[in-house]
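Here is how the chains run, residue by residue.
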Amino acid sequence: MNLEKSAAAFAKAKKFMPGGVNSPVRSFSSVDCSPPFIARAKGSRIFDIDGNEYVDYVGSWGPMILGHAHEKVISALQKAVERGTSYGAPTELETQLAELVQKFYPSIEVLRMVNSGTEATMSAIRVARGFTRRDKIVKFIGCYHGHSDSLLVNAGSGAATFGEPSSPGVTKNIARDTIAIPYNDSATVEKVFAECGGQIACVIVEPIAGNMGLVLPKNNFLQTLRAVTEKFGALLIFDEVMCGFRNDVQKDFQIQPDLTCLGKIIGGGLPCAAYGGRENIMRNVSPDGKIYQAGTLSGNPLAMTAGIATLKILSATPNFTENLTAKTSKLVGGLKKILGAEVQIPQAGSMFSIFFSAKPVENFADAAAADQNKFKRWFKNMLERGIYLAPSQFETLFVSAAHSDEDISKTLAAAERSWLNA
Ligand SMILES: *Cc1c(COP(=O)(O)O)cnc(C)c1O
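Note that the structure is a prediction, hence the values are computed from the model and not measured.

Draft legend 1. Representation of the packing of helix α2 (residues 71–82) against helix α10 (residues 301–316). At a minimum axis distance of 9 Å, the contact between α2 and α10 shows a crossing angle of 150 degrees. The angle between α2 and α10 falls in the class roughly antiparallel. The two elements α2 and α10 cross, and the hand of that crossing is right-handed. For the pair α2 and α10, contact is made by K72, V73, A76, L77, A80 and V81 and by L302, T305, A306, A309, T310 and I313, respectively. For the contact of α2 with α10, the per-class residue count stands at nine nonpolar, two polar and one charged.

Structure, rendered in C-alpha coordinates:
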(Lines give C-alpha, C1' and ligand atoms only; values in the text may rest on other atoms or scores of the structure.)
Protein backbone atom coordinates (compact mmCIF):
# COMPACT_ATOMS: atom_id res chain seq x y z
CA MET A 1 0.00 0.00 0.00
CA ASN A 2 1.36 3.36 -1.02
CA LEU A 3 0.92 6.24 1.44
CA GLU A 4 3.45 8.64 -0.08
CA LYS A 5 1.11 11.61 -0.56
CA SER A 6 -0.38 11.11 2.90
CA ALA A 7 3.09 11.05 4.44
CA ALA A 8 3.98 14.33 2.72
CA ALA A 9 0.69 15.91 3.76
CA PHE A 10 1.29 14.76 7.33
CA ALA A 11 4.78 16.26 7.39
CA LYS A 12 3.37 19.59 6.23
CA ALA A 13 0.44 19.47 8.67
CA LYS A 14 2.85 18.90 11.56
CA LYS A 15 4.40 22.29 10.88
CA PHE A 16 1.11 24.01 11.59
CA MET A 17 -0.72 21.87 14.15
CA PRO A 18 0.31 19.88 17.23
CA GLY A 19 0.91 16.36 15.94
CA GLY A 20 -0.36 17.51 12.54
CA VAL A 21 -3.95 17.03 13.70
CA ASN A 22 -6.90 18.73 15.34
CA SER A 23 -7.73 15.82 17.64
CA PRO A 24 -4.93 13.66 19.06
CA VAL A 25 -6.05 10.13 18.15
CA ARG A 26 -6.00 10.99 14.43
CA SER A 27 -2.22 11.17 14.45
CA PHE A 28 -1.97 7.33 14.73
CA SER A 29 0.82 7.85 17.27
CA SER A 30 -0.10 4.74 19.25
CA VAL A 31 0.39 2.46 16.24
CA ASP A 32 3.66 4.00 14.96
CA CYS A 33 2.53 4.72 11.45
CA SER A 34 1.45 7.80 9.64
CA PRO A 35 -2.27 8.29 9.04
CA PRO A 36 -3.88 8.16 5.61
CA PHE A 37 -5.11 11.65 4.67
CA ILE A 38 -8.70 11.37 3.53
CA ALA A 39 -9.94 12.76 0.24
CA ARG A 40 -13.57 11.62 0.33
CA ALA A 41 -15.97 9.04 1.67
CA LYS A 42 -19.11 7.31 0.44
CA GLY A 43 -21.23 4.67 2.15
CA SER A 44 -19.04 2.23 4.07
CA ARG A 45 -15.86 3.31 2.27
CA ILE A 46 -13.29 6.05 2.72
CA PHE A 47 -10.64 7.01 0.17
CA ASP A 48 -7.27 8.59 0.87
CA ILE A 49 -5.28 11.08 -1.22
CA ASP A 50 -3.01 8.27 -2.47
CA GLY A 51 -6.04 6.56 -4.03
CA ASN A 52 -6.35 3.76 -1.45
CA GLU A 53 -9.83 2.59 -0.55
CA TYR A 54 -10.85 1.27 2.87
CA VAL A 55 -13.86 -0.30 4.53
CA ASP A 56 -14.38 2.18 7.35
CA TYR A 57 -15.22 1.05 10.89
CA VAL A 58 -14.42 4.42 12.48
CA GLY A 59 -17.33 6.33 10.94
CA SER A 60 -15.91 9.67 12.10
CA TRP A 61 -15.77 8.15 15.61
CA GLY A 62 -19.44 7.31 15.67
CA PRO A 63 -21.66 9.85 13.91
CA MET A 64 -21.91 8.16 10.51
CA ILE A 65 -24.53 5.55 11.40
CA LEU A 66 -26.05 5.82 7.90
CA GLY A 67 -22.67 5.58 6.21
CA HIS A 68 -20.86 8.47 4.57
CA ALA A 69 -22.52 11.00 2.29
CA HIS A 70 -25.99 9.50 2.56
CA GLU A 71 -28.10 10.73 -0.36
CA LYS A 72 -30.93 12.15 1.75
CA VAL A 73 -28.64 13.88 4.22
CA ILE A 74 -26.57 15.42 1.45
CA SER A 75 -29.56 16.66 -0.53
CA ALA A 76 -31.11 18.20 2.61
CA LEU A 77 -27.81 19.94 3.30
CA GLN A 78 -27.48 21.20 -0.26
CA LYS A 79 -30.88 22.85 -0.01
CA ALA A 80 -30.15 24.25 3.44
CA VAL A 81 -26.82 25.78 2.49
CA GLU A 82 -28.52 27.91 -0.17
CA ARG A 83 -30.61 29.51 2.57
CA GLY A 84 -27.54 30.68 4.49
CA THR A 85 -25.21 28.96 6.90
CA SER A 86 -25.88 30.67 10.24
CA TYR A 87 -28.25 33.32 11.57
CA GLY A 88 -27.77 33.40 15.34
CA ALA A 89 -31.54 33.63 15.63
CA PRO A 90 -34.24 31.03 16.30
CA THR A 91 -35.32 28.63 13.53
CA GLU A 92 -38.03 25.99 13.34
CA LEU A 93 -35.31 23.44 12.64
CA GLU A 94 -34.15 23.53 16.26
CA THR A 95 -37.63 22.62 17.54
CA GLN A 96 -37.93 19.91 14.88
CA LEU A 97 -34.71 18.26 15.99
CA ALA A 98 -35.62 18.63 19.67
CA GLU A 99 -38.97 16.96 19.02
CA LEU A 100 -37.29 14.08 17.17
CA VAL A 101 -34.77 13.63 19.98
CA GLN A 102 -37.59 13.43 22.50
CA LYS A 103 -39.18 10.56 20.55
CA PHE A 104 -35.97 8.57 21.07
CA TYR A 105 -35.47 9.84 24.64
CA PRO A 106 -38.73 10.38 26.52
CA SER A 107 -36.69 11.26 29.65
CA ILE A 108 -35.48 14.42 27.87
CA GLU A 109 -38.35 16.81 28.55
CA VAL A 110 -36.36 19.97 27.80
CA LEU A 111 -33.02 20.23 26.06
CA ARG A 112 -30.37 22.68 24.89
CA MET A 113 -28.38 22.25 21.67
CA VAL A 114 -24.63 22.81 21.78
CA ASN A 115 -21.77 22.19 19.34
CA SER A 116 -19.82 19.27 20.79
CA GLY A 117 -20.06 16.44 23.29
CA THR A 118 -17.53 18.27 25.43
CA GLU A 119 -19.87 21.25 25.72
CA ALA A 120 -22.83 18.99 26.48
CA THR A 121 -21.18 17.22 29.42
CA MET A 122 -19.50 20.37 30.73
CA SER A 123 -22.85 22.17 30.70
CA ALA A 124 -24.77 19.24 32.21
CA ILE A 125 -22.33 19.23 35.11
CA ARG A 126 -22.77 22.97 35.61
CA VAL A 127 -26.53 22.42 35.68
CA ALA A 128 -26.14 19.59 38.20
CA ARG A 129 -23.98 21.78 40.43
CA GLY A 130 -26.25 24.78 40.06
CA PHE A 131 -29.38 22.74 40.73
CA THR A 132 -28.07 20.82 43.76
CA ARG A 133 -25.81 23.62 45.03
CA ARG A 134 -23.11 21.04 45.62
CA ASP A 135 -19.57 20.93 44.21
CA LYS A 136 -18.36 17.35 43.93
CA ILE A 137 -18.95 15.06 40.98
CA VAL A 138 -18.36 11.34 40.47
CA LYS A 139 -16.95 9.91 37.25
CA PHE A 140 -15.55 6.52 36.27
CA ILE A 141 -11.99 5.74 35.28
CA GLY A 142 -11.75 5.07 31.54
CA CYS A 143 -15.01 6.88 30.75
CA TYR A 144 -14.41 9.88 28.51
CA HIS A 145 -16.74 12.82 28.64
CA GLY A 146 -14.85 15.32 26.52
CA HIS A 147 -11.99 17.53 27.59
CA SER A 148 -13.40 20.05 30.07
CA ASP A 149 -11.29 20.56 33.20
CA SER A 150 -13.52 18.79 35.74
CA LEU A 151 -13.50 15.66 33.62
CA LEU A 152 -9.78 15.37 32.84
CA VAL A 153 -9.19 13.73 36.18
CA ASN A 154 -7.77 10.39 37.31
CA ALA A 155 -8.25 8.62 40.58
CA GLY A 156 -5.81 9.93 43.16
CA SER A 157 -3.65 7.47 45.01
CA GLY A 158 -5.09 6.14 48.24
CA ALA A 159 -8.31 7.83 49.22
CA ALA A 160 -11.00 7.43 46.59
CA THR A 161 -12.21 10.93 47.38
CA PHE A 162 -9.55 13.15 45.78
CA GLY A 163 -9.02 13.20 42.04
CA GLU A 164 -5.78 14.26 40.34
CA PRO A 165 -5.43 16.18 37.09
CA SER A 166 -4.86 13.85 34.13
CA SER A 167 -3.57 16.74 32.02
CA PRO A 168 -1.25 19.65 32.72
CA GLY A 169 -3.33 22.79 32.88
CA VAL A 170 -6.07 21.27 35.02
CA THR A 171 -5.70 22.73 38.48
CA LYS A 172 -5.50 20.58 41.59
CA ASN A 173 -8.43 22.47 43.07
CA ILE A 174 -10.69 21.57 40.18
CA ALA A 175 -9.53 17.94 40.19
CA ARG A 176 -10.23 17.67 43.91
CA ASP A 177 -13.94 18.08 43.29
CA THR A 178 -13.98 15.09 40.94
CA ILE A 179 -14.11 11.62 42.45
CA ALA A 180 -12.93 8.92 40.04
CA ILE A 181 -14.01 5.32 40.62
CA PRO A 182 -13.40 2.12 38.58
CA TYR A 183 -16.20 1.28 36.12
CA ASN A 184 -18.57 -1.46 37.24
CA ASP A 185 -17.45 -1.03 40.87
CA SER A 186 -20.80 -0.60 42.64
CA ALA A 187 -19.34 -1.26 46.10
CA THR A 188 -16.95 1.70 45.86
CA VAL A 189 -19.75 3.95 44.62
CA GLU A 190 -21.83 3.05 47.66
CA LYS A 191 -18.86 3.59 49.97
CA VAL A 192 -18.11 7.03 48.51
CA PHE A 193 -21.74 8.11 48.86
CA ALA A 194 -21.83 6.84 52.44
CA GLU A 195 -18.77 9.01 53.16
CA CYS A 196 -19.69 12.24 51.38
CA GLY A 197 -22.98 11.75 49.52
CA GLY A 198 -24.32 15.08 50.76
CA GLN A 199 -21.59 16.94 48.84
CA ILE A 200 -22.04 15.15 45.51
CA ALA A 201 -23.87 17.06 42.77
CA CYS A 202 -23.94 14.26 40.21
CA VAL A 203 -22.67 10.99 38.87
CA ILE A 204 -21.75 11.09 35.19
CA VAL A 205 -21.37 7.78 33.38
CA GLU A 206 -21.23 6.29 29.91
CA PRO A 207 -24.00 3.72 30.44
CA ILE A 208 -22.26 1.68 27.77
CA ALA A 209 -18.61 2.67 27.97
CA GLY A 210 -16.95 3.17 24.60
CA ASN A 211 -13.82 5.14 25.34
CA MET A 212 -11.66 2.42 26.89
CA GLY A 213 -12.65 0.11 24.09
CA LEU A 214 -16.18 -1.18 24.57
CA VAL A 215 -17.03 -2.13 28.15
CA LEU A 216 -20.54 -3.15 29.11
CA PRO A 217 -22.18 -2.38 32.45
CA LYS A 218 -22.63 -5.44 34.65
CA ASN A 219 -23.99 -6.62 37.99
CA ASN A 220 -26.65 -3.95 38.33
CA PHE A 221 -24.02 -1.21 38.09
CA LEU A 222 -26.41 1.28 36.44
CA GLN A 223 -29.24 0.36 38.82
CA THR A 224 -26.92 1.02 41.75
CA LEU A 225 -26.05 4.45 40.35
CA ARG A 226 -29.73 5.30 40.00
CA ALA A 227 -30.59 4.11 43.51
CA VAL A 228 -27.70 5.79 45.29
CA THR A 229 -28.07 9.15 43.51
CA GLU A 230 -31.79 9.17 44.31
CA LYS A 231 -31.13 8.37 47.94
CA PHE A 232 -28.60 11.18 48.36
CA GLY A 233 -30.28 13.81 46.17
CA ALA A 234 -27.55 13.82 43.51
CA LEU A 235 -28.32 13.87 39.77
CA LEU A 236 -27.58 10.96 37.47
CA ILE A 237 -26.16 12.01 34.09
CA PHE A 238 -26.03 9.48 31.27
CA ASP A 239 -23.39 10.48 28.75
CA GLU A 240 -24.81 8.84 25.64
CA VAL A 241 -22.76 10.94 23.23
CA MET A 242 -21.38 7.72 21.75
CA CYS A 243 -23.86 4.94 22.55
CA GLY A 244 -26.98 7.05 21.98
CA PHE A 245 -29.22 6.23 18.99
CA ARG A 246 -27.32 2.94 18.57
CA ASN A 247 -28.61 1.50 21.84
CA ASP A 248 -31.73 2.22 23.89
CA VAL A 249 -30.13 1.92 27.31
CA GLN A 250 -32.81 3.86 29.15
CA LYS A 251 -35.51 1.49 27.92
CA ASP A 252 -33.46 -1.72 28.10
CA PHE A 253 -32.35 -1.08 31.68
CA GLN A 254 -35.57 0.72 32.65
CA ILE A 255 -33.57 3.61 34.08
CA GLN A 256 -34.42 7.29 33.75
CA PRO A 257 -31.38 9.47 34.30
CA ASP A 258 -32.00 13.07 35.39
CA LEU A 259 -29.95 14.43 32.50
CA THR A 260 -28.73 12.91 29.24
CA CYS A 261 -25.90 14.11 26.99
CA LEU A 262 -26.08 13.39 23.28
CA GLY A 263 -23.63 14.07 20.46
CA LYS A 264 -22.07 12.41 17.44
CA ILE A 265 -25.12 10.87 15.63
CA ILE A 266 -27.42 13.74 16.65
CA GLY A 267 -25.58 16.03 14.21
CA GLY A 268 -25.50 13.56 11.30
CA GLY A 269 -21.80 14.33 10.73
CA LEU A 270 -21.97 18.06 11.47
CA PRO A 271 -20.96 19.67 14.78
CA CYS A 272 -23.93 19.31 17.12
CA ALA A 273 -24.64 17.90 20.57
CA ALA A 274 -27.28 18.39 23.24
CA TYR A 275 -27.96 18.03 26.92
CA GLY A 276 -31.34 17.78 28.53
CA GLY A 277 -33.62 15.98 30.92
CA ARG A 278 -36.19 16.64 33.58
CA GLU A 279 -38.04 19.88 33.03
CA ASN A 280 -37.74 21.14 36.62
CA ILE A 281 -33.95 20.86 36.30
CA MET A 282 -33.58 22.24 32.78
CA ARG A 283 -35.75 25.31 33.51
CA ASN A 284 -32.85 26.55 35.60
CA VAL A 285 -30.84 27.13 32.42
CA SER A 286 -30.60 30.71 31.16
CA PRO A 287 -32.77 32.56 30.12
CA ASP A 288 -35.48 30.61 32.02
CA GLY A 289 -33.16 30.35 35.01
CA LYS A 290 -29.84 31.59 36.29
CA ILE A 291 -27.42 28.85 35.15
CA TYR A 292 -25.54 30.41 32.26
CA GLN A 293 -24.73 28.61 29.03
CA ALA A 294 -24.70 29.96 25.46
CA GLY A 295 -23.27 29.45 21.96
CA THR A 296 -22.87 31.59 18.84
CA LEU A 297 -23.27 28.63 16.51
CA SER A 298 -25.50 26.49 18.76
CA GLY A 299 -28.49 25.11 16.87
CA ASN A 300 -26.74 25.91 13.60
CA PRO A 301 -29.15 25.40 10.67
CA LEU A 302 -26.82 23.08 8.75
CA ALA A 303 -26.15 20.92 11.81
CA MET A 304 -29.88 20.82 12.60
CA THR A 305 -30.64 19.84 9.00
CA ALA A 306 -28.14 16.95 8.99
CA GLY A 307 -29.38 15.80 12.40
CA ILE A 308 -33.04 15.91 11.39
CA ALA A 309 -32.38 14.03 8.14
CA THR A 310 -30.40 11.36 10.01
CA LEU A 311 -32.83 10.84 12.89
CA LYS A 312 -35.80 10.80 10.49
CA ILE A 313 -34.24 7.91 8.60
CA LEU A 314 -33.47 6.05 11.85
CA SER A 315 -37.03 6.41 13.07
CA ALA A 316 -38.75 5.81 9.71
CA THR A 317 -36.81 2.68 8.69
CA PRO A 318 -38.52 -0.45 10.05
CA ASN A 319 -36.22 -2.51 12.29
CA PHE A 320 -33.30 -0.16 11.67
CA THR A 321 -31.51 -0.96 14.92
CA GLU A 322 -32.32 -4.68 14.85
CA ASN A 323 -30.93 -5.06 11.33
CA LEU A 324 -27.81 -3.08 12.10
CA THR A 325 -27.23 -5.10 15.25
CA ALA A 326 -27.71 -8.38 13.37
CA LYS A 327 -25.17 -7.28 10.76
CA THR A 328 -22.72 -6.37 13.50
CA SER A 329 -23.29 -9.72 15.23
CA LYS A 330 -22.45 -11.48 11.98
CA LEU A 331 -19.17 -9.62 11.75
CA VAL A 332 -18.34 -10.08 15.43
CA GLY A 333 -19.23 -13.79 15.27
CA GLY A 334 -16.88 -14.21 12.29
CA LEU A 335 -14.09 -12.33 14.01
CA LYS A 336 -14.47 -14.39 17.18
CA LYS A 337 -14.10 -17.59 15.18
CA ILE A 338 -10.94 -16.29 13.52
CA LEU A 339 -9.30 -14.67 16.53
CA GLY A 340 -10.21 -17.33 19.09
CA ALA A 341 -10.41 -17.31 22.87
CA GLU A 342 -7.32 -15.12 23.42
CA VAL A 343 -9.23 -12.15 22.05
CA GLN A 344 -12.27 -10.41 23.54
CA ILE A 345 -14.78 -8.86 21.14
CA PRO A 346 -17.57 -7.20 23.14
CA GLN A 347 -20.58 -5.88 21.22
CA ALA A 348 -23.44 -3.51 22.01
CA GLY A 349 -25.79 -3.00 19.07
CA SER A 350 -23.69 -1.68 16.18
CA MET A 351 -20.68 -0.97 18.43
CA PHE A 352 -17.88 -3.45 19.04
CA SER A 353 -14.23 -3.53 19.97
CA ILE A 354 -11.27 -5.87 19.96
CA PHE A 355 -9.08 -6.53 23.00
CA PHE A 356 -6.07 -8.79 22.75
CA SER A 357 -6.80 -10.21 26.17
CA ALA A 358 -7.73 -13.74 27.27
CA LYS A 359 -9.81 -12.33 30.10
CA PRO A 360 -13.09 -10.40 29.81
CA VAL A 361 -12.65 -6.62 30.06
CA GLU A 362 -14.81 -5.05 32.77
CA ASN A 363 -12.96 -1.84 33.58
CA PHE A 364 -10.04 0.35 32.56
CA ALA A 365 -7.41 -1.77 34.34
CA ASP A 366 -8.51 -4.83 32.32
CA ALA A 367 -8.42 -2.81 29.08
CA ALA A 368 -4.96 -1.45 29.87
CA ALA A 369 -3.67 -5.00 30.48
CA ALA A 370 -4.55 -6.10 26.91
CA ASP A 371 -1.60 -6.77 24.58
CA GLN A 372 -0.78 -3.47 22.81
CA ASN A 373 1.92 -4.92 20.58
CA LYS A 374 -0.31 -7.61 19.16
CA PHE A 375 -2.95 -4.96 18.52
CA LYS A 376 -0.43 -2.77 16.71
CA ARG A 377 0.61 -5.57 14.35
CA TRP A 378 -3.00 -6.60 13.72
CA PHE A 379 -4.03 -2.99 13.09
CA LYS A 380 -1.28 -2.41 10.50
CA ASN A 381 -2.04 -5.71 8.76
CA MET A 382 -5.70 -4.79 8.52
CA LEU A 383 -4.95 -1.31 7.20
CA GLU A 384 -2.67 -2.84 4.54
CA ARG A 385 -5.61 -5.00 3.46
CA GLY A 386 -7.99 -2.07 3.16
CA ILE A 387 -9.73 -2.25 6.53
CA TYR A 388 -9.76 1.04 8.42
CA LEU A 389 -9.98 0.44 12.19
CA ALA A 390 -9.48 2.84 15.07
CA PRO A 391 -5.74 3.01 15.79
CA SER A 392 -6.04 1.94 19.45
CA GLN A 393 -7.56 -0.82 21.55
CA PHE A 394 -9.10 1.92 23.71
CA GLU A 395 -11.53 2.85 20.95
CA THR A 396 -14.83 1.46 19.80
CA LEU A 397 -15.61 0.43 16.22
CA PHE A 398 -18.88 1.16 14.45
CA VAL A 399 -20.89 -0.61 11.78
CA SER A 400 -23.13 1.59 9.62
CA ALA A 401 -26.30 0.89 7.67
CA ALA A 402 -24.17 1.18 4.51
CA HIS A 403 -21.93 -1.79 5.37
CA SER A 404 -22.82 -4.64 3.03
CA ASP A 405 -22.41 -8.41 3.23
CA GLU A 406 -19.54 -7.96 0.83
CA ASP A 407 -17.86 -5.50 3.24
CA ILE A 408 -18.19 -8.02 6.04
CA SER A 409 -16.79 -10.87 3.92
CA LYS A 410 -13.89 -8.66 2.85
CA THR A 411 -13.23 -7.73 6.48
CA LEU A 412 -13.28 -11.35 7.65
CA ALA A 413 -10.98 -12.44 4.81
CA ALA A 414 -8.54 -9.67 5.77
CA ALA A 415 -8.81 -10.65 9.43
CA GLU A 416 -7.95 -14.25 8.64
CA ARG A 417 -4.74 -13.26 6.84
CA SER A 418 -3.87 -10.43 9.28
CA TRP A 419 -4.22 -12.72 12.25
CA LEU A 420 -1.79 -15.26 10.76
CA ASN A 421 0.81 -12.51 10.59
CA ALA A 422 0.01 -10.83 13.90
C1 LIG B 1 -16.93 11.71 21.87
C2 LIG B 1 -17.45 11.76 23.25
C3 LIG B 1 -17.52 12.96 23.98
C4 LIG B 1 -16.94 14.24 23.48
O5 LIG B 1 -17.60 14.69 22.34
P6 LIG B 1 -16.83 15.78 21.41
O7 LIG B 1 -17.87 16.11 20.39
O8 LIG B 1 -15.64 15.07 20.87
O9 LIG B 1 -16.47 16.91 22.27
C10 LIG B 1 -18.12 12.93 25.21
N11 LIG B 1 -18.60 11.79 25.73
C12 LIG B 1 -18.53 10.63 25.08
C13 LIG B 1 -19.09 9.41 25.70
C14 LIG B 1 -17.93 10.57 23.83
O15 LIG B 1 -17.82 9.39 23.20
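Draft legend 2. Representation of the packing of helix α11 (residues 320–339) against helix α14 (residues 405–421) within the structure. Two numbers describe how α11 lies on α14: the axes approach to 10 Å, and their chain directions differ by 15 degrees. With respect to each other, α11 and α14 are oriented roughly parallel. When the axes of α11 and α14 are compared, the crossing they make is right-handed. On α14, the residues that touch K327, K330, L331, G334, L335, I338 and L339 of α11 are D405, I408, T411, L412, A415, E416 and W419. Grouping the constituent residues of the contact of α11 with α14 by class yields eight nonpolar, two polar and four charged.

Draft legend 3. How the structure looks around the site of the ligand. Taken together, S116, G117, T118, Y144, H145, G146, E206, N211, D239, V241, M242 and K264 are the residues near the ligand. With respect to the ligand, the side chain of T118 contributes an N or O atom lying 2.6 Å from an oxygen atom. Here the ligand, which alone exposes 380 Å², has 82% of that area covered by the protein. Among the residues making up the shell around the ligand, the classes are represented as three nonpolar, six polar and three charged.

Draft legend 4. Here's a closer look at the side chain of N247. Following the sequence through the fold, N247 ends up in the loop between β10 (235–239) and α8 (249–252). According to the relative accessible area criterion, N247 is buried, its value standing at 14%. Within the structure, N247 has its side chain in polar contact with the backbone nitrogen of G349 (distance 3.5 Å). Once residues within four sequence positions are removed from consideration, N247 is found in contact with Y105, I208, E240, A348, G349 and M351.

Conventions we followed
- Residues numbered from 1 in each chain as written.
- Predicted model: local features only at pLDDT ≥ 70, side-chain atom pairs only at ≥ 80, totals over all residues.
- Heavy atoms only, no water.
- Axes fitted to C-alpha atoms, helices over the stretch in contact; angles between N-to-C directions.
- Helix = DSSP H or I, 4+ residues; strand = E, 2+ residues; numbered from the N terminus.
- Parallel < 35°, antiparallel > 145°, perpendicular 65-115°, else oblique.
- Left-handed = near helix turned anticlockwise from the far one by under 90°.
- Contact = heavy atoms within 4.5 Å.
- Nonpolar A, V, L, I, M, F, W, Y, C, P; charged D, E, K, R; others polar.
- Near = heavy atom within 4 Å.
- Polar contact = N/O pair within 3.5 Å; in protein donor to acceptor, adjacent residues only side chain to side chain.
- Areas by Shrake-Rupley, 256 points an atom, 1.4 Å probe, with all protein chains shown as cover.
- Buried < 20%, exposed > 50% of the residue type's maximum accessible area, 1.4 Å probe, protein only.

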